[in-house]
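Letter by letter, the chains look like this.
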Amino acid sequence: MPSSNATTRALPNIIVTGTPGVGKTSHCEALAERSGLRHVSVNQVVKDKQCHEGWDEEYQSWVVDEDKLLDALEDDAKQGGCIIDWHACDLFPQSWIDLVVVLRVDSTTLYDRLKARNYPEVKLQENLDSEIMEVLLQEARESYDEEIVIELQSNDTDEMESNVDRIVGWLEQWKKDNGRDAA
């Protein structure tokens, strides 16, 4: 059944979200390579288009101006074919999004990944707590229709490859359902 959002776009928009360190960027890069969709790194857009209110020393990150960010992404999102890579999803209008992929990872693996990134202790602990409490999964489920939100495990390369296969399969089905089969 075609999504009411999708019929105006030639290709769907997918959000890949999750706590920092779950493998969002790796998934998005592999998915873009396999699918031809555009990888939109929100962190890069924030930097390149100055969609921030300055630098937070404690967290060692930009303070995002969500209104500027949405303005910067709107044209691409309306065109479709975006894989949006960010640790949050609830600010994106439901009308922009066709699939929300929430990546999850076990806390030991996440700790090791964040430690390797030299995260400040306060940021490391906050992200571990967020993952344990399923904050981003709950945010996705509260912000979008349940049938477009999927939770995938991302503890190793095999799981990532399986996840990308699954999302590519979803994309192919979306194209069929929306009359966008390649000739």
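Keep in mind the model is a prediction, meaning the values are calculated, not measured. (Residues numbered from 1 in each chain as written. Predicted model: local features only at pLDDT ≥ 70, side-chain atom pairs only at ≥ 80, totals over all residues. Heavy atoms only, no water.)

Caption draft 1: Local environment of the overall build of the protein. The helix and strand inventory of the protein stands at 7 helices and 7 strands. Here the C-alpha atoms of the protein give a radius of gyration of 16 Å, agreeing with the 16 Å that 2.2 N^0.38 yields for 183 residues. Along the first, second and third principal axes, the C-alpha set of the protein runs to 50 × 35 × 30 Å. Out of the 183 residues in the protein, the part that is buried amounts to 45%. Residue pairs at least 24 apart in sequence account for 74% of intrachain contacts in the protein once pairs closer than 6 positions are excluded. When the accessible surface of the protein is totalled, it reaches about 9,600 Å², and 45% of it is carbon and sulfur. On the protein, the mean spot of the 18 positive side-chain charges and the mean spot of the 38 negative ones are 5 Å from each other. (Helix = DSSP H or I, 4+ residues; strand = E, 2+ residues; numbered from the N terminus. Rg over C-alpha atoms; globule rule 2.2 N^0.38 Å. Buried < 20%, exposed > 50% of the residue type's maximum accessible area, 1.4 Å probe, protein only. Contact = heavy atoms within 4.5 Å. Areas by Shrake-Rupley, 256 points an atom, 1.4 Å probe, with all protein chains shown as cover. Lys, Arg positive; Asp, Glu negative; His and termini not counted. Charge placed at Lys NZ, Arg CZ, Asp CG, Glu CD.)

Caption draft 2: The nonpolar core, seen in detail. Among the nonpolar cores identified, the biggest contains 27 residues, and V42, L69, L73, F92, I97, V100 and Y144 are the most heavily contacted of them. Secondary-structure elements contributing two or more residues to this core are α2 (42-48), α3 (66-79), β5 (82-85), β6 (99-104) and α6 (135-143). For this core, the element with the most residues is α3, which contributes 5 residues. Dropping the residues within four chain positions of it, F92 is found in contact with I15, V42, L70, L73, I84, W86, I97 and Y144. Core analysis: the next-biggest nonpolar cluster, separate from the first, contains 24 residues, V16, A32, V105 and L128 among them. (Core = buried A, V, L, I, M, F, W, Y, C linked by side-chain atoms within 4.5 Å.)

Caption draft 3: Representation of the environment of D76 in the model. With respect to the secondary-structure elements, D76 resides in helix α3. Sequence separation between D76 and N13 is 63 residues; the distance between their C-alpha atoms is 9.4 Å.

Caption draft 4: How the structure looks around the packing of aromatic side chains. One pass over the full model with this rule turns up 3 aromatic pairs. Summarising the aromatic geometry, the rings of W86 and F92 are spaced 6.4 Å apart at their centres and angled 70 degrees between planes, so their arrangement reads as edge-to-face. On the basis of relative accessibility, which here comes to 4%, the residue W86 falls in the buried class. In this structure F92 comes out as buried when scored by relative accessible area, which is 2%. (Phe/Tyr/Trp six-rings, centres within 6.5 Å; stacked < 30°, edge-to-face > 60°.)

Caption draft 5: A look at empty space enclosed by the protein. Summed over all chains, the structure comprises 1 cavity of 30 Å³ or more. Considered as a void within the structure, the largest cavity measures approximately 30 Å³ in volume. As for the largest cavity, its lining consists of V40, L73, A77, C82, I84 and W96. Residue assignment for the lining of the largest cavity shows that the elements contributing at least two residues are α3 and β5. Residue composition of the lining of the largest cavity, by class: 6 nonpolar, no polar and no charged. (1 Å grid on protein atoms, 1.4 Å probe; cavity = no way out; pocket = protein on both sides within 12 Å on 5 of 7 lines; lining within 4 Å. Points joined across faces, edges and corners; volume = space filled by probe spheres on them. Nonpolar A, V, L, I, M, F, W, Y, C, P; charged D, E, K, R; others polar.)

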